[in-house]
Amino acid sequence: MKERTLKVRTIYRAEAESRREHITGFRTIPEIILMGDWLKEAGFNEEDRVTVRCKNGRLTIIKK
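Residues numbered from 1 in each chain as written. Predicted model: local features only at pLDDT ≥ 70, side-chain atom pairs only at ≥ 80, totals over all residues. Heavy atoms only, no water.

Can you lay out the pairing of strand β3 (residues 50-55) for me, pointing to particular residues and giving the numbers?
Judged by how many residues are buried, β3 sits mostly at the surface: zero of six residues are covered. Here β3 pairs with strand β4 (residues 58-63) via six bridges, running antiparallel. Bridge pairing in β4 links V50 to K63. (Buried < 20%, exposed > 50% of the residue type's maximum accessible area, 1.4 Å probe, protein only. Helix = DSSP H or I, 4+ residues; strand = E, 2+ residues; numbered from the N terminus. Pairing = 2+ DSSP bridges.)

Break down the pattern of salt bridges for me, citing the residues and quoting the values.
Applying the stated criterion to the full structure yields four salt bridges. Residues K63 and D48 are paired through a salt bridge, measuring 3.4 Å at the closest nitrogen-oxygen approach. Pair noted here: K63 is in strand β4 and D48 is in the loop between α1 (37-41) and β3, with a separation of 15 residues, a long-range link. According to the relative accessible area criterion, K63 is partly exposed, its value standing at 40%. D48 sits in the partly exposed class, given a relative accessible area of 30%. (Salt bridge = Lys/Arg side-chain N within 4 Å of Asp/Glu carboxyl O.)

If you had to explain a nonpolar patch on the surface to someone new, which residues and values would you point to?
A contiguous nonpolar surface patch, about 670 Å² in accessible area, is contributed by L6, V8, I32, L34, V50, V52, L59 and I61. For the nonpolar patch, the secondary-structure elements that each account for two or more residues are β3 and β4. Relative to the helices and strands, L34 resides in the loop between β2 (23-31) and α1. (Patch = residues over 30% accessible without salt bridge, like charges linked within 9 Å, V, L, I, M, F, W, Y side chains within 5 Å. Areas by Shrake-Rupley, 256 points an atom, 1.4 Å probe, with all protein chains shown as cover.)

This is the structure in structure tokens:
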């Protein structure tokens, strides 16, 4: 099994009272980006559907 070390990044998302209201502020959201030839080598292709499960601090990605 190959391992990759990735960084959980911070993105900023605008907040508003509703979709039609003005932006009232921003909040931070964690983000992980997965990309690269190694995904194809692991059997994942463009447009594949996946399920992501989170349990006990682990993410499991399952190809559908």
